[in-house]
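# Coordinate inspection notes
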Amino acid sequence: MTAKGLPPSAHAISGAVGGAFATWLFYPLELLRVEMQKTPPPSSQEDDENIKHDNPPETNLECFIRLYKKQALYRGASAMVTTMLISSYITFFALESIRRSMATLKQGGQQSNRQQHTRQIHQLQNHIKFLNYILPKSKMGSSLLASTITGVINVFLTTPLWNGTRRIMESDPQPSKSISLPCINDEKKQVNVSVLPLKPEPNLWEMMYQIRKDEGTLQLWHGTVSSLLLVSNPAIQYFLYEQIRVWILGIKNRRRGSGGAGGSMQLTAMEAFVFGALSKTVATVITYPLQLGQVLIRLRKNEVKDLEQADPCMEIEEYNGMADCLYQQYTRGGFSSLFQGMSSKLVQTVGQASFIFVTYEQMLALVAKVIESR
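Note that the coordinates shown come from a computational prediction; the quantities given were computed from them, not determined experimentally.

Turning to the overall build of the chain, a few remarks are in order. Helices and strands together make up the secondary structure of the chain, namely 12 helices and four strands. In the chain, the proportion of contacts linking residues at least 24 apart, taken out of those at least 6 apart, comes to 80%. When the accessible surface of the chain is summed, it comes to about 21700 Å², and 61% of that surface belongs to carbon and sulfur atoms.

Below is the structure:
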């Protein structure tokens, strides 16, 4: 049985399991990316060499070691895994359902000329004729449109989850309160010991509730507009992967003869890994400045809020949209600053996407074998 014969729920479960596993595996690199994006780019107009030597920018390795010493490499991991599990399920379910619906509509448009016996068929024919004007004529166009629609649906349904996850990842553990212990008497000195227990890390649902309580329900969908711009990332990724997948399976099918005799037609683990890595690399490089701008806008907003509470006399302006953010970033650090932190992002997302598609293909093959055995 091929993947086309499986229900959308099988694709959704396979994608969700792959997404959750890959996210947990590569989470330290995702946290590393967030920490590196917090670091301001070095100014191209800085002439004071003493400042450069006294405060050198933190490297990826130094940041990783710092997080490791704090035992914070998996800070917020449970929230990220939960969000990715839900998001991947929605993505694969919606993507497969939309593709099948579009294929059905096109086939219906071709067959309805022979079926005009009832009023219902006639109404369906008129409806399909209208859809034929707006649906892409090519398979590639239909695939890209399906990926884009899936991305839009995913943004509206999962933005609250991602906002809660980002808050957890970007927050540093804060001491709940200071507990002063009695002085330790010594012959030479007295030492005051102060214990600062850390607040327990909030889970995803607690963070979402806190956002709604403190800032309002609409704040859960903060950043939706910029996230819609980033729909291009998964759209490009799934579009490229699907095109390569169809191409490779077509070659395999022709080699094995018409009808694909010989069992289920699926990609091997190595093929899924390579093609997933390739599609994610292209998508990440193309859209990374938008991802960076989204993070910087959110961090600047939090910085302004904290500064107003600490010192109302000091003023710092928020970015005036995505274009202003990217322009200021370019002015401070040049073209390379638009890709600040991309190295760790590439390792994390490319590796994660590869494992997602490997697990996805293997799960689909397993489900197909189970169904065939019945």
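Two elements in contact, helix H6 (residues 139-170) and helix H9 (residues 232-255), have axes whose closest approach is 8 Å; the angle formed by their N-to-C orientations is 145 degrees. Crossing of H6 against H9: the hand is right-handed. Across from Lys-139, Met-140, Ser-143, Leu-144, Ser-147 and Thr-148 in H6, the residues of H9 making contact are Ala-235, Tyr-238, Phe-239, Glu-242 and Gln-243. Considering only residue class, the contact of H6 with H9 consists of five nonpolar, four polar and two charged.

This next bit is on the packing of aromatic side chains. Applying the stated criterion to the full structure yields 12 aromatic pairs. Geometrically, the ring pair formed by Tyr-241 and Phe-357 is stacked, given 3.8 Å between the ring centres and 15 degrees between the ring planes. Linking Tyr-241 in helix H9 with Phe-357 in helix H12 (residues 342-373), this pair joins segments that are 116 residues apart in sequence. The exposure classification of Tyr-241 matches that of Phe-357, with both residues buried. A centroid spacing of 5.4 Å and a plane angle of 55 degrees characterise the contact between Phe-335 and Phe-339, whose relative ring orientation is tilted. Each residue in the set Phe-92, Tyr-238, Tyr-241, Phe-357 and Tyr-360 is aromatic and connected to the rest through ring pairs, giving one cluster.

Once their charged atoms are close, side chains differing in charge can pair, the charge on each being opposite to the other. Scanning all chains against the criterion turns up five salt bridges. Ionic pairing is found between Glu-96 and Arg-100, a salt bridge with its closest N-O pair at 2.9 Å. Separated by four residues within a single helix, Glu-96 and Arg-100 lie in helix H4 (residues 77-111), roughly one turn from each other. The exposure class assigned to Glu-96 is buried, which follows from its relative accessible area of 12%. Judged by relative accessible area, Arg-100 falls into the partly exposed class, the value being 26%. Here Glu-242 makes a salt bridge to Arg-99, at a shortest N to O gap of 3.2 Å. A residue pair is termed long-range when its members are at least 10 positions apart, and Glu-242 in helix H9 and Arg-99 in helix H4 qualify at 143 residues.

The next subject is the side chain of Arg-75. Mapped onto the elements of the fold, Arg-75 is located in the loop between helix H3 (60-69) and H4. A distance of 2.5 Å separates a polar side-chain atom of Arg-75 from the backbone oxygen of Met-169.

As a further point, take the confidence of the model for the chain. Per-residue confidence for the chain gives a mean pLDDT of 76, with 72% of residues at or over 70. Scored below 50 in pLDDT, residues 176-181 shows 17 contacts in the model against residues more than four places distant or in partner chains. The low-confidence segment residues 260-264, where pLDDT is below 50, has six contacts with residues more than four positions distant or belonging to other chains.

The next subject is unusual backbone geometry. The phi angle at Gln-71 is positive, at roughly 55 degrees, despite the residue not being glycine. Looking at the element boundaries, Gln-71 is found in the loop between H3 and H4.

Right, let's get into the packing of H9 against H12. Direction vectors running N to C along H9 and H12 enclose 50 degrees, while the axes themselves pass 13 Å from each other. By the angle class used here, H9 and H12 are oblique. Crossing handedness for the pair H9 and H12: right-handed. Between H9 and H12, the contacting residues are Gln-237, Tyr-238, Tyr-241 and Arg-245 on the first element and Ala-353, Phe-357, Glu-361 and Leu-364 on the second. Here the contact of H9 with H12 is built from residues that sort into five nonpolar, one polar and two charged.

So, how was this worked out
- Residues numbered from 1 in each chain as written.
- Predicted model: local features only at pLDDT ≥ 70, side-chain atom pairs only at ≥ 80, totals over all residues.
- Heavy atoms only, no water.
- Helix = DSSP H or I, 4+ residues; strand = E, 2+ residues; numbered from the N terminus.
- Contact = heavy atoms within 4.5 Å.
- Areas by Shrake-Rupley, 256 points an atom, 1.4 Å probe, with all protein chains shown as cover.
- Axes fitted to C-alpha atoms, helices over the stretch in contact; angles between N-to-C directions.
- Left-handed = near helix turned anticlockwise from the far one by under 90°.
- Nonpolar A, V, L, I, M, F, W, Y, C, P; charged D, E, K, R; others polar.
- Phe/Tyr/Trp six-rings, centres within 6.5 Å; stacked < 30°, edge-to-face > 60°.
- Buried < 20%, exposed > 50% of the residue type's maximum accessible area, 1.4 Å probe, protein only.
- Salt bridge = Lys/Arg side-chain N within 4 Å of Asp/Glu carboxyl O.
- Polar contact = N/O pair within 3.5 Å; in protein donor to acceptor, adjacent residues only side chain to side chain.
- pLDDT = per-residue confidence, 0-100.
- Parallel < 35°, antiparallel > 145°, perpendicular 65-115°, else oblique.

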